[in-house]
Amino acid sequence: MKVIKLDAIDSTNDFLKALASQDELDNFTVVTAENQTKGKGQMGSKWQSESGKNLIMSALVKDFLYNNEQVFNLSIVVSLAVIETLKSFDIPDLSIKWPNDIMSYNKKIGGILIENTLKSDGRIVSVVGLGLNVNQTNFTELPHASSLAVITGNTFDKDVLPALIIDKIQEKIGLWETNSADFWKQYFNTLFKKGIPMPFKNGTGQNFMGIIQGVSSIGKIQILLEDDSVSEFDIKEVQMLY
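Residues numbered from 1 in each chain as written. Predicted model: local features only at pLDDT ≥ 70, side-chain atom pairs only at ≥ 80, totals over all residues. Heavy atoms only, no water.

**A look at the pattern of salt bridges**
Evaluated as defined, the whole model comprises 10 salt bridges. Note that Lys168 is salt-bridged to Glu84, the shortest N-O span being 3.4 Å. With a gap of 84 residues between them, Lys168 in helix H4 (residues 161-189) and Glu84 in helix H2 (residues 71-87) connect regions that are remote in the sequence. By relative accessible area, Glu84 is classed as partly exposed at 23%. One salt bridge connects Lys172 with Glu84, and the closest N-O pair in it is separated by 2.6 Å. Remark: Glu84 occurs in helix H2 and Lys172 occurs in helix H4; sequence separation between them is 88 residues. For Lys172, a relative accessible area of 3% gives the class buried. (Salt bridge = Lys/Arg side-chain N within 4 Å of Asp/Glu carboxyl O. Helix = DSSP H or I, 4+ residues; strand = E, 2+ residues; numbered from the N terminus. Buried < 20%, exposed > 50% of the residue type's maximum accessible area, 1.4 Å probe, protein only.)

**Some words on the sheet that holds strand E10 (residues 221-225)**
In space, the five strands of this open sheet follow the order E11-E10-E9-E8-E12, with antiparallel pairing throughout. Of all the strands in the sheet, the pair left with one neighbour each is strand E11 (230-233) and strand E12 (238-240). Averaged over all neighbouring strand pairs, the angle between strand axes comes to 50°, with direction disregarded. Bridge count between strand E8 (residues 198-202) and E12: three bridges; the pairing is antiparallel. Across the sheet, the residue bridging to Phe200 is Met240, located in E12. (Pairing = 2+ DSSP bridges. Axes fitted to C-alpha atoms, helices over the stretch in contact; angles between N-to-C directions.)

Here's what the structure looks like:
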């Protein structure tokens, strides 16, 4: 596993995408940074992190996705890999808030942003960005956030995490052909607030009650509505209120 360590960068995802477009980089090349000035979350949101306290990484993944119908498979692989790695450190009550936020109890401790590029030869090359709150303890402006240190009361060596997470990603990709149904089931069983009546907000700002029933093959969340119908929503179309 090739690791490129940076002190400060605007975005590890952007840096790795630019590098991948110019060089024939090894699969699973990782970029880490101590500080990220323009970290990105889902739907253009900002990812805020105290310098030197947290894991900021991006990884190149290729030769796994071959068409747009498969792109959510990588979300499943990566989120399960992160969950399994954190379980090995005894982080309690882990779950995945759809599509791929990492939760402990009711708090967000990590976020995943996957950006896919379709190459001229039809291949899909993915840059997997992960921000994981490790040793940061001040979240006064982020009431829904927490970290491994806050939750456990311990300090962690964040530098050991990338290799452990990449090992899990590689393992799951290697097993995908034979174990994909199992991985989908694990993903659903790990979903935050699945099967529980919850308030949501749709894309037009209207609030509604619903119950998470599952996730479609292309990654849309399936929610049981009050009229007993099930609707599917893309990430830009719904927000869980919790």
